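# Examining the three-dimensional arrangement
Residues per chain, in single letters:
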Amino acid sequence: MEAFNADLHCHSTVSDGLLSPTDMVRRAHSNGVDLLALTDHDEIGGLEAAAAMAGELGMRFVNGVEISVSWGDDQTVHILGLGFDRQFTPLVQGLANVRGGRDSRARRIAAELDKVAIRGAYEGALKYVGNPALISRSHFARYIVELGHAKDVKGVFDWWLAKGKPGHVQHTWATMEDAVRWIHGAGGIAVVAHPGRYRLARAELARMLAMFKDLGGGGIEVVSGSNNEEHIRDHAHLARHHGFLASRGSDFHGPGESWIDLGRMPQLPDDLTPVWTKLH
Ligand code: AMP
Ligand code: MN
Ligand code: MN
Ligand code: MN
């Protein structure tokens, strides 16, 4: 029998993905995904349509979201919420507040880019945005590629948008306490996304995970789209050490822009407890 194929991390046009929520569900289904979570950044507006499409196709689906959190000294950490009630008011309201900061941040990013002679970046990024409240660095990246300053979106981050680069600005997102509280209040499980992607020293990463655990955080993403075998071994070790459930997600954003397609990631190491065994 084929191993159970869960993909619990991906993005639609509701945030910075390239496909609509229903097209994401169709693609997951045709890729052989058994259980999907759509996890748009700071936004749950795609879940209803995605859940309905999954129902039509007979594919299991759980509600998801990827919440932007500020932790420690200007670090951004992404916390996934899985399997929650999407009507829960504090979650709905909390996410609205997180999104509320994105437009002014985008204007600040554009002002910084203007200083290095990248003109009209705010308007340029908006051309790629489906949902204006969700303007993100991915949309700036697409515009900068259009201008010919980089050959692909990943190259843009390395030169223009990552921390320490000209278009990077400081921004305060949700607190980790609030993000976990909203997810738990809505009956969901909180999971630290892509633990290897943060620019944290080893001891700091351990401190961040310990704090997340103290707040009742349930899991970490052991297998993420951009991971190689070494990352997976490392994340599995972290899951065992801290006693976390293990999640698996592609972080797929769209054809041609992602590391790996929906459902095409390696399996979790056998000894870990998959987070989906605790999702209803
Ligand atoms: P934002 O929430 O506006 O800061 O945008 C973050 C998004 O930018 C992530 O969810 C990714 O989709 C994208 N991103 C961040 N870093 C990179 C990178 N190095 N390469 C490609 N995409 C990236
Ligand atoms: Mn993204
Ligand atoms: Mn992320
Ligand atoms: Mn993501």
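Notes on the structure follow. (Residues numbered from 1 in each chain as written. Chains lettered and ligands numbered in written order. Predicted model: local features only at pLDDT ≥ 70, side-chain atom pairs only at ≥ 80, totals over all residues. Heavy atoms only, no water.)

## Examining the coordination of the manganese ion (ligand 4)
The condition is simple: Each metal's donors are the N, O and S atoms within 2.8 Å of it, or within 3.2 Å when it is Na, K or Ca, and because water is not part of the set, sites may look incomplete. Strands here mean DSSP runs of E at least two residues long; helices mean DSSP runs of H or I at least four residues long; both are numbered from the N terminus. Each residue's exposure class comes from its accessible area (1.4 Å probe, protein chains only) as a fraction of the maximum for that residue type: buried when under 20%, exposed when over 50%, partly exposed otherwise.
Summarising the metal site, the manganese ion (ligand 4) is bound by the protein donors H9 (NE2), H11 (NE2), E66 (OE) and D251 (OD), whose distances to it range over 2.1 to 2.2 Å. Site description for the manganese ion (ligand 4): donor spacing in sequence, H-x1-H-x54-E-x184-D. Separation of the manganese ion (ligand 4) from the manganese ion (ligand 2) amounts to 4.5 Å. One end of the pair, H9, is in the loop between β1 (6-7) and α1 (21-30); the other, D251, is in the segment after β8 (245-249), with 242 residues separating them in the sequence. Exposure class is identical for H9 and D251. Each is buried.

## Let's talk about the coordination of the manganese ion (ligand 2)
D16 (OD), H41 (NE2) and H253 (NE2) make up the full set of protein donors to the manganese ion (ligand 2), lying at 2.1 to 2.2 Å. All donors of the manganese ion (ligand 2) belong to a single chain; written as a sequence motif, their spacing is D-x24-H-x211-H. Here the manganese ion (ligand 2) and the manganese ion (ligand 3) are spaced 5.7 Å apart. Linking D16 in the loop between β1 and α1 with H253 in the segment after β8, this pair joins segments that are 237 residues apart in sequence. A single burial state applies to D16 and to H253, both of which are buried.

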